[in-house]
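Examination of the molecular architecture
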Amino acid sequence: MRKTTSFILMLVLSLALVVAGCGSGGGETGSSNQNQPPASSTDSEGSAGQTNEQANEQTDTPKETVTLKWGTWMGEEEANRIIEAFEATHPHINIETDPAVTWPWNEKLAAVAAAGQLPDVIWTFGVPVAAANGWLEDLTPFLAADPEYQAGNTFKNLDETANYNGKQYALPHSLLMFGVFLNLDLFEKENIPIPSANWTVDEMREAAIKLTKYNDNQFGMANIKGMRETLTSAFDPSLGWNTWDGEKFNFTSPAFKETIAFIDELLYSDKVSLDIYKQEEKEQWYGKDKNPWMLGKIGMQYDGTWLINGSIQDANFKWDIRPLPASKGQRIPLITDYVGITKSSQHKEEAFEFVKWLTYSKEGWMERMKPEWPLNSIPLINDEEVWNAYLGREDMPAGMRDMIAMIPDGFVDPIKWLPGYMDALNIYQETFKQIDERKAKLEDVAPDLEKRMNDAYKTAADQLSAAP
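Calculation criteria
Residues numbered from 1 in each chain as written. Predicted model: local features only at pLDDT ≥ 70, side-chain atom pairs only at ≥ 80, totals over all residues. Heavy atoms only, no water. Helix = DSSP H or I, 4+ residues; strand = E, 2+ residues; numbered from the N terminus. Buried < 20%, exposed > 50% of the residue type's maximum accessible area, 1.4 Å probe, protein only. Areas by Shrake-Rupley, 256 points an atom, 1.4 Å probe, with all protein chains shown as cover. Axes fitted to C-alpha atoms, helices over the stretch in contact; angles between N-to-C directions. Parallel < 35°, antiparallel > 145°, perpendicular 65-115°, else oblique. Contact = heavy atoms within 4.5 Å. Nonpolar A, V, L, I, M, F, W, Y, C, P; charged D, E, K, R; others polar. Salt bridge = Lys/Arg side-chain N within 4 Å of Asp/Glu carboxyl O. Core = buried A, V, L, I, M, F, W, Y, C linked by side-chain atoms within 4.5 Å. Phe/Tyr/Trp six-rings, centres within 6.5 Å; stacked < 30°, edge-to-face > 60°. Lys NZ or Arg CZ within 6 Å of the ring centre and 35° of its normal.

Along its length, the protein chain carries 19 helices and eleven strands. For the protein chain, with 468 residues in total, the buried portion stands at 53%. Taken as a whole, the protein chain presents about 21200 Å² of accessible surface, with 47% of it coming from carbon and sulfur.

It is the contact of helix α9 (residues 201–211) with helix α11 (residues 254–269), at a shortest axis distance of 11 Å, that shows an interaxial angle of 10°. Taken together, α9 and α11 sit at an angle that is classed as roughly parallel. Judged by residue contacts, Val-201, Met-204 and Arg-205 of α9 engage Phe-262, Glu-265 and Leu-266 from α11. Of the residues belonging to the contact of α9 with α11, the class tally is four nonpolar, no polar and two charged.

Now for unusual backbone geometry. Cis rather than trans, the peptide bond between Trp-103 and Pro-104 has omega equal to -5°. Topologically, Pro-104 is positioned in the loop between β2 (93–97) and α3 (105–114). Even without being glycine, Lys-271 reaches a positive phi, approximately 50°. Within the fold, Lys-271 resides in the loop between α11 and α12 (279–286). When its relative accessible area of 41% is taken as the criterion, Lys-271 is described as partly exposed. With phi around 60°, Asp-289 is a residue other than glycine that occupies positive phi space. Its place among the elements puts Asp-289 in the loop between α12 and β8 (298–304). Exposure remark for Asp-289: the relative accessible area of 70% places this residue in the exposed category.

Opposite charge on two side chains makes pairing possible when the charged atoms of those side chains draw close. On inspection of all chains with the given rule, the structure shows 25 salt bridges. Note that Asp-455 and Lys-451 form a salt bridge whose closest N and O atoms lie 2.8 Å from each other. Of this pair, Asp-455 and Lys-451 are both found in helix α19 (residues 442–466), four residues apart, which corresponds to roughly one turn of the helix. Salt-bridge contacts for Lys-458 lead to Asp-462; the nearest nitrogen and oxygen are separated by 3.0 Å. Highlighted residues: Lys-458 and Asp-462, both in helix α19, separated by four residues, approximately one helical turn.

Another aspect to go through is the environment of Asn-316. Mapped onto the elements, Asn-316 comes out in the loop between α13 (307–314) and β9 (319–322). Separated by 22 residues in sequence, Asn-316 and Met-294 place their C-alpha atoms 7.4 Å apart.

Looking now at the nonpolar core. Residues Trp-70, Met-227, Met-300, Tyr-390, Met-400 and Ile-407 are the most contacted members of the largest nonpolar core, which totals 139 residues. At nine residues, α19 tops the list of elements feeding residues into this core.

Applying the stated criterion to the full structure yields 36 aromatic pairs. Here the aromatic rings of Phe-251 and Tyr-428 are separated by 6.1 Å at their centres, their planes lie at 40°, and the arrangement is tilted. With a gap of 177 residues between them, Phe-251 in the loop between α10 (232–235) and α11 and Tyr-428 in helix α18 (residues 421–436) connect regions that are remote in the sequence. Of the two residues, Phe-251 and Tyr-428, both sit in the buried class. Taken together, Trp-70, Trp-73, Phe-86, Trp-103, Trp-105, Trp-123, Phe-125, Phe-354 and Trp-357 form an aromatic cluster joined through their ring pairs. Cation over ring: Arg-438 sits above Tyr-268, and NZ or CZ is 4.5 Å from the ring centre.

Okay, here's the thing in C-alpha cells:
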C-alpha cells in the first residue's frame, strides 16, 4: 500500500552516537546507513538566488494576520503553552482551539465536517478514517518544498505510517515508546546484576523469578500480558506489533507461538507476574487505588514512557528503563499521534507552518525541551542540540539513551494509522479473552484470528484506495 523507501538518518548524541534506519510502508523494517545533515549555507545570497537585501525587504513586508482553528485533545493549559510559544515567533498567525471537536473523536470530526466547519488543523485518532472521508490535505507538496524536511532529520519509519498511495496525509506530532522499567533497589536487594540494554528473554525470566517474593507481596514483573502484542519481534525481527510484517498479520507463525508460550510460562508456571491476581487481592496487599510499582513492590514493569514523569515524582527508589529483551533480534515498540491540515482550510500555508512547528521544527522542539515544559513526547527530529536538551533533563533515566538509538528500527502501534486495525483489534481482544478464560487454545484459534484480522485490514485498505 505504501512504497518501501530507503532513508538515511543520523542520531547525534553527546557522545556522537550514530543511529540510522529505513522504514517500510508499514514502518516495520530498518537498516543502517549514515547521513550528515547538510551544513547551513554561508553564501551571500538568500533563497532562490535573492540577495540578503532583497530577502530582508520581503521579510519586512507585513503579512496578513490569519486565525487558525485547531482541533486537539490536549489539555487547556498545555494547548495554551503551545499556542503562546508558536505565536511568539509567528505573529501573523493566531491559533484558537476548537471546542466543537472533542470525544468521541471521529464522530465529532464527522459532525463538524458535515456542517462544513472542520478546523484548519486537526489531530486524528485514525489517519485512515480521516483520509478516507476526505478531511485531510495531502502534505506531500508542502514537504517537498521545505528544505528542513528534505534534510532528512525526521524518522522516516514513523512518517511513512501516515503515507497512503504516495500521499502524506499527516505527520506524527508526539512519540512514546514501550520498555521495561527496572526497580534498581530491588535488583540490588536480591543481589541480581542490572541487565544491559541488549539483555535477553532468558535473562529477564531469570531475574523475574529471583525478584518474586510471595511472602512480601513482591513480584518480579507486571503488565506482561501486554507483551503479547510486541515481544514477537524478539523471536522474529521481521514481525512488528501484533505480528504485522508490513503487509499482513502472522498469528500462525512459529515466532508468535513461541512468544505466547514464553509469556504463559512466566504467568502460569513461574507465577512471577502480578497480572494473574484479582483486583481484590491487589487491594488487600497494597491498599485501594495504590500503584504497586510506585510502592516499590514490582521488580520489572512493562509500560510506556508516560511512566517516566510519574516515577520521577512518586517513586521513592532508584529505577531505570530497558528496551524489550532480545532472542533472535531486538526492536522497540513505538506509539505515535498524528496531526494534519484539513482540505477545507482557507489558510493552508499558515496551517502548514503550525503543523511543522508541532512535528519537525527544531524551533518547536527546542521550546518544548525547556525545563518548565512537561515531558510529554520524545523528540521527533535527529538534532544534537535537541537530544542534548532532552537527555539532559533532570532525572532522565540513563536507559533512554539506548532506547532512542533504536527508534529508526522500531515498529509503531497500528491503532492510529493501519486501515481496519480498530476492527481487527476487537477481534484480537475477543480471541484472547477466550484464551485467558481457558475456553479456547491458541493453536485452535490462531488461523481464524489471522484470517479475520487480515480481512479487516484488506477491506479497510481497499476502501481507502477507492476513496475520492
